Amino acid sequence: MSRYDLGTDDPRVKVRPGKSSRPRSKQRPDHSKKPVGMVIGIDRGRYQVIMADGTTVTAIKARELGRGSVVIGDRVHVGGDISGQKDTLGRIVQIQERDTLLLRSAEEGQRQGKPKPIVANAQQMVIVVALADPPPRYGMIDRCLVAAYEAGVRPLICLTKSDLADSTDFYAAYTPLGIEIVTTSVTPEKIEGLSQLLPKLGNQVSVLVGHSGVGKSTLINAIVPGANRQVGEVNAVTGRGRHTSTSAIAFSLPAGGWVIDTPGVRSFGLAHVDNETLLAAFTDLSEVAVACPRGCKHLADSPQCALSTWPGQVAGEEQKYRQARLNSFRRLIASRHVE
Ligand SMILES: Nc1nc2c(ncn2[C@@H]2O[C@H](COP(=O)(O)OP(=O)(O)OP(=O)(O)O)[C@@H](O)[C@H]2O)c(=O)[nH]1
Ligand SMILES: [Zn+2]
């Protein structure tokens, strides 16, 4: 006879295990039958979840899920009140397995900890780059590309402010890498390029990343009616956008699909990415590196690294371009180790 089988039919005798007789996890109820929704907003411990029928529910998170465990884009099972009525609260009880997960290592200067999840289930990363004011930062773009490849998210570069500068050089640098690029310009006078961009956003989840001031908010306002993102200048003192304290949010596009804005995520720490993954993001370099000795670290002082002689095989502009690519790759490797 087991310890809990009291052998009685008396309903007053409650059959229940003693307090610490079993690990807690085994007592957890199965939540997988609870309705599912997608997390589209997170702000100070409150989660906005859009359910399959289109109802938006405000929810809190079950404590056992842990801190920072639910991110924007997550598909979650929700219990509690899911009516979506004012002053009601649902409760996120379980997170579904993620298709993709965008991660970022701890910021520079912070102690290196576990990489932080930022966005789940995005299929596409739109790297927003201004052609001028501020000018393109190639190191930043490379970082985003690595983070995208590492997360299993397809990159798309969206050039903005084409009214201010020419995009020929940019296309010359990134088209050979097989990365899709679209060019836009959104000014009070004229809007251009959205007919190129919009079809690429349809019926999927895209996450927008980009440095402060490149025009992300302007772009979102132009493609999402009523989005009302604040547009402004970069703070000259802190060098940061004003959005740093605002939280991530997903916008539904009129023609289907979602765009996720990630204010405060300006770049990606890549400490969690290994050398080979980093190299794979540089398709041109990875083809050259097959000739490297086994275990090559691909650094400037790595003996017989095939990458070192690659720029010198050509002359002129092409050589400069190769050297810039190589420098960018090696800078990323180096920066990863100081983070
Ligand atoms: N000339 C020109 N200016 C633009 C364009 N897009 C945005 N801007 C301007 O660039 C500045 C920054 O735009 P935002 O949309 O606030 O940039 P953001 O990327 O959202 O910046 P944060 O809010 O700091 O993240 C604003 O003054 C915009 O009016 C463009 O296509 N052409
Ligand atoms: Zn090498």
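Residues numbered from 1 in each chain as written. Chains lettered and ligands numbered in written order. Predicted model: local features only at pLDDT ≥ 70, side-chain atom pairs only at ≥ 80, totals over all residues.

1. Concerning the overall build of the protein chain
The secondary structure content of the protein chain amounts to seven helices and 15 strands. A buried classification covers 32% of the 339 residues belonging to the protein chain. Contacts in the protein chain between residues at least 24 apart in sequence constitute 62% of all its contacts with a sequence separation of at least 6. (Helix = DSSP H or I, 4+ residues; strand = E, 2+ residues; numbered from the N terminus. Buried ≥ 20, exposed ≤ 12 C-beta atoms within 10 Å, placed from the backbone. Contact = placed C-beta atoms within 7 Å.)

2. Let's talk about helix α4 (residues 216–223)
For α4, the set of buried residues is Lys216, Ser217 and Leu219. Buried residues of α4, viewed axially, fall in a sector of 160°; they line one side. Close packing links the buried residues of α4 with β8 (124–130), β9 (154–160), β11 (185–186), β13 (205–210) and β15 (258–261). (Arc of directions from axis to C-beta.)

3. Details of unusual backbone geometry
Peptide bonds are, in most cases, trans, and in most cases residues other than glycine have a negative phi. In this model, Asp133 is joined to Pro134 through a cis peptide bond whose omega is 0°. The residue Pro134 is located in the loop between β8 and α1 (138–151) in this model. Phi angles above zero are rare outside glycine, and Asp87 is one such case at about 60°. The topology assignment puts Asp87 in the loop between β4 (75–80) and β5 (90–95). One non-glycine residue, Gln304, lies in positive phi territory at about 55°.

4. Quick notes on the environment of His211
Mapped onto the elements, His211 comes out in the loop between β13 and α4. Given 20 C-beta atoms within a 10 Å radius, His211 is considered buried. The sequence separation of His211 and Ala130 amounts to 81 residues, and the corresponding C-alpha distance is 8.8 Å.

5. Structural notes on the nonpolar core
Nonpolar side chains in soluble globular proteins generally cluster together in the buried interior. In terms of nonpolar packing, the biggest core is built from 72 residues, with Ile127 and Ile260 touching the most fellow members. The element best represented in this core is α1, accounting for seven residues. Excluding residues within four positions of it along the chain, Ile127 makes contact with Ile141, Cys144, Pro155, Ile157, Cys158, Val209 and Gly210. (Core = buried A, V, L, I, M, F, W, Y, C linked by C-beta atoms within 7 Å.)

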